[in-house]
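What the coordinates show
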Amino acid sequence: MRTKIKHQLLGLLICILILPNVYGKDDISSAYKAFSNADYHKAKDLYESVINNIESSSEDKITSYQKLAYFAWKINENIDESRRFTELAFAIDPSIVNTMIFQAKYELAANNFEEAGNLIERALQSNPSEKATQKIRMAKANIDLQEAIYQVNNKIPLDREKLAKSLKIAEAISMSNIGDLDYAEIQLGLALLVKDGESAYKAWKNYFIISKGEKAEGILQIAENKLAHGFKYLNDDQAGDSDRNDLIVGLANSRFYRYADLMSNDVPLNDASENAEITDIKFYYEFCLAIDALSTNYHRDVIMNGLSDEKREAFYNQLDEIKQKLLTNLSWPNGATKLSNSNFDDELYQRFGTIFKDVKPYYNFHGKVGLFFMAHTISDKNIVVEQFGYKADVHFVELDFLFANSLTSWFFETKTGGVGGWNEGSLIVQMRRAYSDRPILYWERISDQEQKMSWKKRISELKITDEEIAKKNPYAYLPGLKNSMRYHAVLKLKNSLEKQGLTGDDLRMAFISEFKSKTFQSNIIGHEGRHRIDGKHRLVFEPFCRNYEYRAKLSEILQSNDPLFTLAFNPIYYSGIEGSSKHAYGGKKIVTQLVDWMNANQNTIAGFNQKRPTLPQLELLSEQQLIAAINTMEPLNSWKRKINPYIIVLLIVGLLIGGIFKLIKRRIRRRKNSI
């Protein structure tokens, strides 16, 4: 017994001795995992342990100091503590540009404009790359913009000469980075304050990806009509109150409520008092800020101290008070009406393009905490989708300009509410910011020669591994194949636009616009449209239909205006196909059937090598062959389309009920006979 105890103690001692080494390797990944789960306390402890571990690398320590500086500002609102951690990171390596940019952002949020500017100057002295230099200079332009907004709102005189210099820098960078929404927004703000209508119009069109010579569509068309007039007279001393009001209303109608409020404060009225439309815009923006502050305080409390029913109840009570204040302040031409929550949402949607995402109770992994936010429509249209002879109405809405972020999205500082979109009946919602960076990423990968060569080299390396993976699993996810498909898809897109004579900024704008158009056609018209058709016409019984997502993925390709692009970029053939969800099942089923189709049609595929695994040769398929293969899988192309699953379910239920009645009758007869 004593020997056994000795052995156990010896084993425990060995574990204690080797534990620091194990954690020295794993702490940073564990900390990142905790951070990714928005688990503040655990992440903070783990980042601190990385710093205190003598075996941690300098890189890991810098990362940890950066995260602790972020926590000090974001969670604890302690700017001094944040500065201390940033300086410790800076002491390890003063050349890390992001260390200074991050802290400058925190200083800016605290209205410490001078400190933020000094940090940016330090960043510029670190000999950054050309791309990093642009990022730093735009950060400085944004500091100047935010300081000016603060001054306008607090009636402090502006240094418009300084702002004009910032605008010149911001415009040059923004217009060479078409599609970067943050850059365009900064340029627009500066142009408005400098009263440069031409620059403001360029920035506005850039923000909404509207090519030179083209006009906005839908709800943005109404805004543009106002703004075209408002921008024209922005720097005209003879402009009247109606010109000013057109500018403010146009900004509000395109959901730039912050800038609409800014212009109402910066551009004084000549004669008349503020009209009801402008006053309503100002009251609405005040409402947006109040809800955003309420949500931020709630998240901060929950992250630090946990959730309780009382906190959740208090949140909704305060939310109701803020809503009621807005209702009281708004103008009501036909008389104010007492509104319910649903009517309130409808009223704000009609007046301001507001969409609320509110899943009660307010939940997240911390408990029930986190899905409440509001954003604004920039595209709002009704579409008739037709597939295989079936039609369905789709109400598509694209949202931007988020307020009152969800908990995790607030914690990570993303502008999506933590979702890419959702659907409710015929309504299909897409969060713009969840997709806006993707076209830019691939434009730069294919246009920047250094990035392009690096990508091609990486693809070649991955393809070697692909062959080995495919020999073991003929239907596996192959990262080399996926990257190669994307490379050729974007190269084909870029080449097709160049053949149209497009170059420079026009080429970049067209690439981003086409990328977005292809994604919309396959994801919304194809995928979501198929769900709508299957539901409306009861072609599937979703709760029991394993093929629910499979059918929608087939439609993504068949309804696409570029099937090979869709296969490359949509989650059809993707890294998650080995999962257990309906999406994974659908993707895996399509890939399996594609491989089987290729095996059965080897002689028709140019360049097919029978000695190699089939899946790595997927790129040999032409667009016509891909469509032909997918058509063989499509249920609505076969006799099965004539059978409505709901009828089958009803027949089965009817047979069961009939069987039960027969059984009851038999038992009744037996009882009578026994009597």
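Residues numbered from 1 in each chain as written. Predicted model: local features only at pLDDT ≥ 70, side-chain atom pairs only at ≥ 80, totals over all residues. Heavy atoms only, no water.

**What about the overall build of the protein chain?**
Rule in force here: Helix and strand definitions follow DSSP, with helices as H or I runs of at least four residues and strands as E runs of at least two, each counted in order from the N terminus. When a residue's accessible area, from a 1.4 Å probe over protein chains only, is under 20% of the maximum for its type it is buried; when over 50% it is exposed; and in between it is partly exposed. In this description, contact between two residues means that some pair of their heavy atoms is separated by no more than 4.5 Å. For the accessible areas, the method is Shrake-Rupley and the probe is 1.4 Å, while residue cover comes only from the protein chains on display.
Looking only at helices and strands, the protein chain has 26 helices and 5 strands in total. Counting every position in the protein chain, which comprises 675 residues, the buried fraction comes to 47%. Long-range pairs, those at least 24 residues apart, make up 64% of the contacts in the protein chain between residues at least 6 apart in sequence. Total accessible area on the protein chain stands at roughly 34400 Å², and carbon and sulfur atoms take up 52% of it.

**Observations concerning the side chain of glutamine 430**
Position of glutamine 430 relative to the elements: it lies in strand E5 (residues 427–431). Once residues lying within four places of it in the same chain are set aside, the contact partners of glutamine 430 are Phe396, Val397, Glu398, Leu399, Gly420, Gly421, Tyr435 and Ile524.

**Thoughts on the sheet that holds strand E1 (residues 354–358)**
Working definition: the strands of a sheet are paired by backbone hydrogen bonds and lie parallel or antiparallel to each other. Rules: DSSP bridges decide pairing: two strands pair if at least two such bridges lie between them. Inter-axis angles, ranging from 0 to 180 degrees, are taken between N-to-C directions of lines fitted to C-alpha atoms, where helices are fitted over the stretch in contact.
Pairing in this open sheet of 5 strands is mixed, and the strands run E1-E2-E3-E5-E4 from one edge to the other. The open sheet terminates on both sides in strands that have one partner only, identified here as E1 and strand E4 (421–424). The mean inter-strand angle of the sheet, taken between neighbouring strand axes irrespective of direction, is 35°. Alignment of strand E3 (residues 390–403) against E5, held across 5 bridges, turns out to be parallel.

**Here we look at the confidence of the model for the protein chain**
Here is the rule: Values of pLDDT, which run from 0 to 100, indicate the predictor's confidence residue by residue.
Considering every residue of the protein chain, the mean pLDDT works out to 90; 89% of them sit at 70 or more. Overall, residues 4–25 carries pLDDT values under 50, and its contacts beyond four positions in sequence, including any with other chains, amount to 4 contacts.

**Some details on helix H18 (residues 437–447)**
The complete set of buried residues in H18 reads Pro439, Ile440, Tyr442, Trp443, Glu444 and Ile446. The secondary structure elements touched by the buried residues of H18 are helix H7 (130–153), helix H19 (449–472), helix H20 (479–498), helix H21 (504–536) and helix H23 (563–569).

**Notes on the packing of helix H14 (residues 276–305) against helix H15 (residues 309–329)**
How we decide: Angular relationships are summarised with four words: roughly parallel below 35 degrees, roughly antiparallel beyond 145, roughly perpendicular across 65 to 115, and oblique for the angles in between.
Two elements in contact, H14 and H15, have axes whose closest approach is 10 Å; the angle formed by their N-to-C orientations is 175°. On the basis of the axis angle, H14 is roughly antiparallel to H15. Residues Asp280, Phe283, Tyr284, Glu286, Phe287, Ala290, Ile291, Leu294, Ser295, Tyr298, Asp301 and Asn305 of H14 touch H15, and the partners they reach there are Lys311, Arg312, Phe315, Gln318, Leu319, Ile322, Lys323, Lys325, Leu326 and Asn329.

**Points about the pattern of salt bridges**
Cut-off, in case you're wondering: The term salt bridge refers to a pairing of a side-chain nitrogen on Lys or Arg with a carboxyl oxygen on Asp or Glu at a separation within 4 Å.
One pass over the full model with this rule turns up 42 salt bridges. For lysine 471, the salt bridge identified is with glutamate 468, shortest N-O distance 3.6 Å. Here lysine 471 pairs with glutamate 468, and both are found in helix H19, just 3 residues apart, close to one helical turn. Residue classification places lysine 471 among the exposed residues on the basis of a relative accessible area of 56%. Linking arginine 551 and aspartate 534 is a salt bridge whose minimum nitrogen-to-oxygen distance equals 3.0 Å. Placement of arginine 551 in helix H22 (residues 548–558) and of aspartate 534 in helix H21 is noted, with a sequence separation of 17 residues between them. Neither residue differs from the other here; arginine 551 and aspartate 534 are each classed as buried. Each of Asp182, Glu185, Asp400, Lys415, Arg432 and Arg433 takes part in salt bridges that share partners, so that together they form one network.

**Notes on the packing of helix H24 (residues 582–600) against helix H25 (residues 623–633)**
As a reminder, the rule being used: Helix crossings fall into two classes, left-handed where the near helix is turned counterclockwise from the far one by less than a right angle and right-handed where it is turned clockwise. In this count, Pro and Cys sit with the nonpolar residues alongside Ala, Val, Leu, Ile, Met, Phe, Trp and Tyr, while Asp, Glu, Lys and Arg are called charged and the others, Gly among them, polar.
Where H24 contacts H25, the axes come no closer than 10 Å and their chain directions differ by 115°. Note on packing geometry: the crossing formed by H24 with H25 is right-handed. In this structure, H24 uses Ile590, Gln593, Leu594 and Trp597 to contact H25, whose residues at the interface are Gln625, Leu626, Ala628, Ala629, Ile630, Thr632 and Met633. In the contact of H24 with H25, the residues fall into 8 nonpolar, 3 polar and no charged.

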